[in-house]
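Coordinates in review
Residues per chain are reported as follows:
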Amino acid sequence: MKTSIITSLVALAISVGAAPLDISGGKLSLQLNIDLNQAGFGGNNDLFHFTSTHFIHAAPEFVVNGTTPTGGLAGALGLFNFGINSHANMICYNITLHNFQGDFSSPASSATHIHEAAVGASGPPRISFPNPVRFNDDPAVLRSVGCLTGPFATGLVMEGKDTGEGFHISQIEKNPAGFFADTHSSLALPGAVRGQIA
Ligand SMILES: *[C@@H]1O[C@H](CO)[C@@H](O)[C@H](O)[C@H]1NC(C)=O
Ligand SMILES: *[C@@H]1O[C@H](CO)[C@@H](O)[C@H](O)[C@H]1NC(C)=O
């Protein structure tokens, strides 16, 4: 239904733009002032509305096992870009890895996660993202792009339940310092790169 409203508004805007109704002589004037952006239809970045965005640089030196630094995967780097919509319990991601080596490896359903833990500490994954894959001629650059909506599942069961069970995306906005993004390699099981959300 929304689609048909958008379509007719766009059609209206286009037809008015193409053939402005201005019969000044006949004293008929029609003024249309539809702000498609303000209405939330179309417009540059309005297809999805984010309540917050997060741009995280992930590096090997932030990886820990427990609280012990492991050094991660030397030479690797990650850019974890997130758009969150707390009302929709949705997270959109654009994750790019440079110089990842080994195989993605984790007991969860993927090896690319948001975990719940403060800087310097380890904690359970709350979201599993599809692992980045090659997307152009450069084998050293991997990417994963998409959106996930709760309820979440990580595929990792701890204390009898999936570590994503009951997690709501608003928890990240309430305490961004309490979460980090990472990815795990067979050459660096505790983590290849890691970056705190805040
Ligand atoms: C993902 O981010 C990269 C920059 O890190 C950008 O070049 C690319 O266009 C983004 N992809 C999407 C689908 O937004
Ligand atoms: C983390 O450290 C513990 C204790 O030293 C060890 O048993 C475990 O294998 C390590 N985990 C990883 C993923 O390397």
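Residues numbered from 1 in each chain as written. Chains lettered and ligands numbered in written order. Predicted model: local features only at pLDDT ≥ 70, side-chain atom pairs only at ≥ 80, totals over all residues.

Taken together, N65, G66, L189 and P190 make up the full set of residues adjacent to ligand 2. Classifying every residue of the shell around ligand 2 gives two nonpolar, two polar and no charged. (Near = placed C-beta within 6 Å. Nonpolar A, V, L, I, M, F, W, Y, C, P; charged D, E, K, R; others polar.)

One open sheet holds the four strands; their spatial order is β9-β8-β14-β15, and the pairing between them is antiparallel. Strands at the two margins of the open sheet, each flanked by one partner only, are β9 (125-129) and β15 (188-196). Across this sheet, the average inter-strand angle for adjacent strands is 30°, counted without regard to direction. Relative to strand β14 (residues 179-185), strand β8 (residues 112-116) runs antiparallel, the two sharing five bridges. Among the inter-strand pairings, T112 is bridged to a residue of β14, identified as T183. (Pairing = 2+ DSSP bridges. Helix = DSSP H or I, 4+ residues; strand = E, 2+ residues; numbered from the N terminus. Axes fitted to C-alpha atoms, helices over the stretch in contact; angles between N-to-C directions.)

Every residue close to ligand 1 is listed here: L79, N81, N94, T96 and V145. Counting only elements with at least two residues in the shell around ligand 1, the list comes to β6 (77-85) and β7 (90-98). Split into classes, the residues belonging to the shell around ligand 1 amount to two nonpolar, three polar and no charged.

Here is the key point about a regular strand: its side chains alternate between the two faces of the sheet. Of the pairings in the sheet, the one linking β14 to β15 comprises five bridges and is antiparallel in character. Each residue of the ladder has a partner; that of T183, found in β15, is V193. Taken together, β14 and the strand that follows it, β15, pair antiparallel across an intervening segment of two residues.

Taken in spatial order, the five strands line up as β3-β6-β7-β11-β10 in an open sheet, and their pairing is antiparallel. Whereas interior strands pair on both sides, the edge strands pair on one side only; in this sheet they are β3 (52-58) and β10 (133-134).

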